[in-house]
Amino acid sequence: MRTLVHLSDLHFGRVDPALLDPLRDLVHRIAPTAVVVSGDLTQRAKSEEFEQARAWLDTLPEPQIIVPGNHDISLYNVFRRFVLPLDRYKRYITDDLDPVYIDDEIAVLGVNTARSLTFKDGRVNKEQVAKIRETLSGLDPKMTRVVVTHHPFDLPQGSEERDLVDRAGMAMDVFKDLGVDLLMAGHLHLSHAGNTQARYKISEYAALVVQAGTATSTRGRGEVNSFNVIRIERERIEVDRYGWDTVHNQFQVMATEKFMRAGNVWTEQAEGLYAAGI
């Protein structure tokens, strides 16, 4: 089994400092295989915000798969936005915009969906999808394949369609061929887990989608600060959603969802069926 801690939308510059130490300590106790951070490390892509984010990330376990979000591109500095859109991100966080973690059970691929031509929306392009194909094609088919982006490939009910990553359909056709199992994202500040079957009518294929809320920022959207712990086996994935308990001042498990794979289709399982191994 492999364990991923899934953090997103940290928004340094607008963080609640009371959450930082408890979250760090809990992540260490979980002892994940890898820490995944799906974008928006800063609020306004300022140097001091990136410095704060880097200092806190340095207190977390390695390896870390980190991708940028739209807030990690300068908003008001036009030159920096269009000429050096991720210069500070690459200077303080990582110059690898397509990070990869691979062991003998999982492959986790980060993909940058942040673009300077749009203030909020994101996009995946053909070159990025080709790189995903190149990385995953030669791997053992028994390995669980994970793609991490800031902008989501699917949405919780009630979300706006414009929040979907652009060119998602093109990418999903390739993901089907590659057997991509899990799509991890942030952006919405809402927690969600489900599959892609309703949105993408792809025969005999449905990836699992896991959305993380905002782990540390004060920019909540009707949901407490939260993050995910994802436990991965070849045929089963379990998602624990941790939320901030304001009474006890700690993160606690608020919900657990369990999914099983049949062929290339991931579906949620009732507790009894999961426990029985059906």
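To be clear, the structure that these remarks concern was listed above.
Residues numbered from 1 in each chain as written. Predicted model: local features only at pLDDT ≥ 70, side-chain atom pairs only at ≥ 80, totals over all residues. Heavy atoms only, no water.

*Asks:* Mind showing me how you'd approach the side chain of Asp181 here?
*Replies:* Along the polypeptide, Asp181 turns up in the loop between helix 6 (168-178) and strand 7 (182-185). Within the local environment of Asp181, its side chain forms a polar contact with the backbone nitrogen of Arg145, the two atoms lying 2.9 Å apart. Side chain to side chain, Asp181 and Trp266 meet in a polar contact 3.0 Å long. (Helix = DSSP H or I, 4+ residues; strand = E, 2+ residues; numbered from the N terminus. Polar contact = N/O pair within 3.5 Å; in protein donor to acceptor, adjacent residues only side chain to side chain.)

*Asks:* Is there a simple way to explain the environment of Leu10 in this structure?
*Replies:* Tracing the backbone shows Leu10 in the loop between strand 1 (2-7) and helix 1 (20-30). In the structure, Leu10 is positioned 43 residues away from Ala53 in sequence and 8.1 Å away in space, judged by C-alpha atoms. Those residues in contact with Leu10, other than ones at most four positions away along the chain, are Val15, Val37, Gly39, Asp40, Leu41, Trp56, Leu57, Ala215, Thr216 and Ser217. (Contact = heavy atoms within 4.5 Å.)

*Asks:* It is not clear to me how the side chain of Ser38 should be interpreted in this structure. Could you clarify?
*Replies:* Structurally, Ser38 can be placed in strand 2 (residues 34-38). Within the structure, the side chain of Ser38 is placed 2.7 Å from the side chain of Ser8, a separation counted as a polar contact.

*Asks:* Teacher, can you tell me more about the packing of aromatic side chains here?
*Replies:* Each pair of aromatic rings is reported with the distance of its centres and the angle of its planes. Throughout the structure, instances matching the rule amount to seven aromatic pairs. Between Phe227 and Phe251, the aromatic rings sit 5.4 Å apart at their centres with planes inclined by 75 degrees, giving edge-to-face as the arrangement. With Phe227 in strand 10 (residues 226-232) and Phe251 in strand 12 (residues 250-262), this pair connects stretches of sequence that are 24 residues apart. The residues Phe227 and Phe251 share a single accessibility class, namely buried. Of the aromatic side chains, those joined through ring pairs into one cluster are Phe227, Tyr242, Trp244 and Phe251. (Phe/Tyr/Trp six-rings, centres within 6.5 Å; stacked < 30°, edge-to-face > 60°. Buried < 20%, exposed > 50% of the residue type's maximum accessible area, 1.4 Å probe, protein only.)

*Asks:* Any chance you could explain the pattern of salt bridges here in plain terms?
*Replies:* Pairs can form between side chains of opposite charge once their charged atoms are near each other. Under the counting rule described, the total for this entry stands at 15 salt bridges. A salt bridge links Glu235 to Arg261, with the shortest nitrogen-to-oxygen separation between them at 3.1 Å. Note that Glu235 is positioned in the loop between strand 10 and strand 11 (236-245) and Arg261 in strand 12, a separation of 26 residues in sequence. A network of salt bridges, in which partner residues are shared, links Arg2, Asp103, Asp104 and Glu105. (Salt bridge = Lys/Arg side-chain N within 4 Å of Asp/Glu carboxyl O.)

*Asks:* For this particular structure, what's the right way to read helix 5 (residues 126-137)?
*Replies:* Along an α-helix, residues three or four apart share an orientation, since each turn contains 3.6 residues. Along its 12 residues, helix 5 runs 16 Å from first to last C-alpha, staying within 8% of the 16 Å computed at 1.5 Å per residue. The complete set of buried residues in helix 5 reads Gln128, Val129, Ile132 and Leu136. For helix 5, the arc enclosing every buried residue in end-on projection is 95 degrees, short of the 170-degree limit, so these residues lie on one face. Every exposed residue of helix 5 that faces more than 90 degrees away from the buried side is listed here: Lys126, Glu127 and Glu134. In the core, the buried residues of helix 5 are packed alongside strand 5 (106-110), strand 6 (144-148) and helix 6. The backbone nitrogen of Glu127 lies 3.2 Å from a side-chain oxygen of the residue at the head of helix 5, namely Asn125. (Expected span 1.5 Å × (residues − 1). Arc of directions from axis to C-beta.)

*Asks:* Looking at this model, I keep getting lost on the environment of Val239. Mind explaining?
*Replies:* One can find Val239 in strand 11. Under the relative-accessibility criterion, Val239 is labelled buried at 3%. When the C-alpha atoms of Val239 and Arg44 are compared, they prove to be 30 Å apart, with 195 residues separating the residues in sequence. Setting aside residues no more than four positions away along its own chain, Val239 makes contact with Val210, Asn228, Val229, Ile230, Ala255, Thr256, Glu257 and Phe259.

*Asks:* I keep staring at the pairing of strand 7 and nothing clicks. Help me out?
*Replies:* Remember that side chains alternate between the two faces of the sheet whenever the strand is regular. Neither face of strand 7 is open: one carries Leu182 and Met184, the other Leu183 and Ala185, and all of them are buried. After leaving strand 6, the chain enters helix 6 and then returns to the sheet as strand 7, a path that is right-handed. Taken together, the four bridges between strand 7 and strand 9 (residues 208-211) define a ladder with parallel strand orientation. Paired with Leu183 across the bridge in strand 9 is Val209. (Right-handed = clockwise from strand over helix to strand, strands pointing away. Pairing = 2+ DSSP bridges.)

*Asks:* Would you mind showing me how to read the packing of helix 5 against helix 6 here?
*Replies:* Each pair of packed helices can be described by the angle between their axes along with the distance between the axes. Here helix 5 crosses helix 6 at 5 degrees, and the two axes come no closer than 10 Å. As summarised for this structure, helix 5 and helix 6 are arranged roughly parallel, according to the angle between their axes. In this structure, helix 5 uses Lys126, Val129, Ile132, Arg133, Leu136 and Ser137 to contact helix 6, whose residues at the interface are Met170, Ala171, Val174, Phe175, Asp177 and Leu178. Its residues placed into classes, the contact of helix 5 with helix 6 shows eight nonpolar, one polar and three charged. (Axes fitted to C-alpha atoms, helices over the stretch in contact; angles between N-to-C directions. Parallel < 35°, antiparallel > 145°, perpendicular 65-115°, else oblique. Nonpolar A, V, L, I, M, F, W, Y, C, P; charged D, E, K, R; others polar.)

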